[in-house]
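Residue-level listing of the chains:
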Amino acid sequence: MTTRFATLAVLLTTASCATPGEGVGTRAASSTPDKAWTFASTPTWQDEFDYSGKPDPAKWGYDLGGHGWGNNELQFYTDSADNAFVRDGVLHIVARRESRDGRAYTSTRLISKGKGDFLYGRFEVRAKLPSGRGTWPAIWMLPTDWKYGDWPRSGEIDIMEHVGFDPERVHISVHTQAYNHVAGTQRTATRLVDGVMEDFHLYRVDWTPESIRGYIDDIPMFAFANEGTGPDAWPFDQRFHFLLNVAVGGNWGGKEGVDDSVFPATLQVDYVRAYELLEQAE
């Protein structure tokens, strides 16, 4: 849905939307089953947030700053414990209405780059989303090495995106040079999910050499196939890492303005898990 890349400012186009309950957007790929890929039964990388204080520095770093992040976003990202902390077994990422370096809001963007980088696998995040017009939480992945060039050439995987002006509609997407919202060719799917702002739900992507498939609460929602035509369509043969953040406003999140009464607005994360892709089953 968004580049979220600081050096490229782009306008967001509206995502294709599914009929509520169907869950696959008009630009989603075929649902033809993959070959029998399997995944490890226990995570090879995880954060269960079974501690208190700031996020584990062995697993998480920060993107910092307030330059709009390529989407005219309004927040300044900090590494402050006021914006990201673990308590009672849950990570809290908090967007606040407060001034910082010319920005009217603060928040945090956690990244696992250099601490958790992955090529293929199953990726799970159990989370409760913030509510309110102007909030834009995301659970997603970006390339670690940018082998094929700047966005969108090296790709982006959006495990979950939500905008507060359209409550309970959850989006799963990928971006590539051939398929992105700037060109009007983005591959995306949406689903209305009851209670995403009141309860924890499981957001998952299965990434193999053949496809990227998205699920909410283990219900299939999105499929994007490797066409075998090269990196313009499939740059997903390189390492990617996790990002967790709450943006404020922006080209998409602020499309209907920002309601300052909703802050502080918190993304709560119960766990983040990555499972290794195993040898293809016979």
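Residues numbered from 1 in each chain as written. Predicted model: local features only at pLDDT ≥ 70, side-chain atom pairs only at ≥ 80, totals over all residues. Heavy atoms only, no water.

(A) Local environment of unusual backbone geometry. Trp 151 connects to Pro 152 through a cis peptide bond whose omega is 5°. The residue Tyr 120 is not glycine, and still its phi comes out positive at about 70°. Mapping Tyr 120 onto the fold places it in the loop between strand E8 (117-118) and strand E9 (121-128). You will see that Asp 218, though not glycine, has its phi angle at about 65°, which is positive. Topologically, Asp 218 is positioned in the loop between strand E15 (211-216) and strand E16 (219-225). According to the relative accessible area criterion, Asp 218 is partly exposed, its value standing at 44%. (Helix = DSSP H or I, 4+ residues; strand = E, 2+ residues; numbered from the N terminus. Buried < 20%, exposed > 50% of the residue type's maximum accessible area, 1.4 Å probe, protein only.)

(B) A look at the pattern of salt bridges. Enumeration according to the criterion identifies 11 salt bridges in this entry. Where Arg 204 meets Asp 206, a salt bridge forms, and the shortest distance between an N and an O atom there is 2.7 Å. Relative accessible area serves as the criterion here: at 6%, Asp 206 is assigned to the buried category. The partner of Arg 204 in a salt bridge is Asp 218, with the nearest N and O atoms 2.9 Å apart. Linking Arg 204 in strand E14 (residues 201-207) with Asp 218 in the loop between E15 and E16, this pair joins segments that are 14 residues apart in sequence. Bridged by salt links that share partners, the residues Arg 122, Arg 204, Asp 206 and Asp 218 form one connected network. (Salt bridge = Lys/Arg side-chain N within 4 Å of Asp/Glu carboxyl O.)

(C) How the structure looks around the nonpolar core. Tyr 203, Trp 207 and Phe 242 are the most contacted members of the largest nonpolar core, which has 53 residues in total. Ignoring any residue separated from it by four or fewer positions in sequence, one finds Tyr 203 in contact with Phe 123, Glu 124, Val 125, Ala 127, Leu 129, Ile 139, Ile 159, Met 160, Val 170, Val 196, Tyr 215 and Ile 216. (Core = buried A, V, L, I, M, F, W, Y, C linked by side-chain atoms within 4.5 Å. Contact = heavy atoms within 4.5 Å.)

(D) Representation of the side chain of Ser 107 in the model. Residue position: Ser 107 is located in strand E6 (residues 103-107). The residues contacting Ser 107, other than those within four sequence positions of it, are Gln 75, Phe 76, Tyr 77, Thr 78, Asn 83, Ile 93, Val 94, Ala 95 and Val 246.

(E) Focus on the packing of aromatic side chains. On inspection of all chains with the given rule, the structure shows 18 aromatic pairs. Residues Tyr 105 and Phe 263 carry aromatic rings whose centres are separated by 5.1 Å and whose planes lie at 45° to one another, so their mutual orientation is tilted. Highlighted residues: Tyr 105 in strand E6 and Phe 263 in the loop between helix H1 (250-253) and strand E18 (265-275), separated in sequence by 158 residues. An identical accessibility class is assigned to Tyr 105 and Phe 263; each is buried. Feature note: the residues Trp 45, Trp 60, Phe 118, Tyr 120, Phe 123, Tyr 179, Trp 207, Phe 224, Trp 234, Phe 236, Phe 240 and Phe 242 constitute an aromatic cluster, connected by ring pairs. For the cation-ring pair, Arg 97 lies above Tyr 105, with the distance from its terminal atom to the ring centre recorded as 5.1 Å. (Phe/Tyr/Trp six-rings, centres within 6.5 Å; stacked < 30°, edge-to-face > 60°. Lys NZ or Arg CZ within 6 Å of the ring centre and 35° of its normal.)

(F) Highlighting the environment of Lys 113. Among the secondary structure elements, Lys 113 is positioned in the loop between strand E7 (109-111) and E8. A sequence separation of 129 residues divides Lys 113 from Phe 242, and the C-alpha atoms of the two residues are 7.1 Å apart. Among all residues touching Lys 113, those that are not within four sequence positions of it are Thr 144 and His 241.

(G) View of the pairing of E18. The buried fraction of E18 is high, at eight of 11 residues. Pairing analysis gives three bridges linking strand E1 (residues 45-47) to E18, with the strands arranged antiparallel. Bridging across to E18, Trp 45 finds its partner in Ala 274. Bridging between strand E5 (residues 90-100) and E18 involves five bridges; their strand directions are antiparallel. Looking across to E18, one finds that Leu 91 is bridged to Val 269. (Pairing = 2+ DSSP bridges.)

(H) The arrangement of the confidence of the model for the chain in detail. Residues with a pLDDT of 70 or more make up 87% of the chain, whose mean pLDDT is 90. Scored below 50 in pLDDT, residues 1-31 shows 107 contacts in the model against residues more than four places distant or in partner chains. (pLDDT = per-residue confidence, 0-100.)

(I) Quick look at the side chain of Arg 213. Residue placement: Arg 213 occurs in strand E15. In this structure the side chain of Arg 213 is engaged in a polar contact, spanning 3.3 Å, whose partner is the side chain of Ser 211. (Polar contact = N/O pair within 3.5 Å; in protein donor to acceptor, adjacent residues only side chain to side chain.)

(J) Structural context of the environment of Glu 168. Mapped onto the secondary structure, Glu 168 falls in the loop between strand E11 (156-161) and strand E12 (169-175). According to the relative accessible area criterion, Glu 168 is partly exposed, its value standing at 21%. Sequence spacing of Glu 168 and Thr 190 is 22 residues, and the spatial spacing of their C-alpha atoms is 9.9 Å. For Glu 168, the residues in contact, after removing those within four places along its chain, are His 162, Arg 191, Leu 192, Val 193, Asp 194, Gly 195, Val 196, Met 197 and Glu 198.

(K) Inspection of the pairing of strand E10 (residues 135-143) at higher detail. E10 sits mainly inside the fold: nine of its nine residues count as buried. Burial along E10 is two-sided: Thr 135, Pro 137, Ile 139, Met 141 and Pro 143 and Trp 136, Ala 138, Trp 140 and Leu 142, pointing in opposite directions, are all buried. Summarising the sheet, E10 and strand E17 (residues 240-248) pair through nine bridges and their orientation is antiparallel. Each bridged residue has a counterpart across the sheet, and for Leu 142 the counterpart in E17 is His 241. Pairing of E10 with E11 involves four bridges; the strand directions are antiparallel. What sits directly across from Ile 139, in E11, is Met 160.

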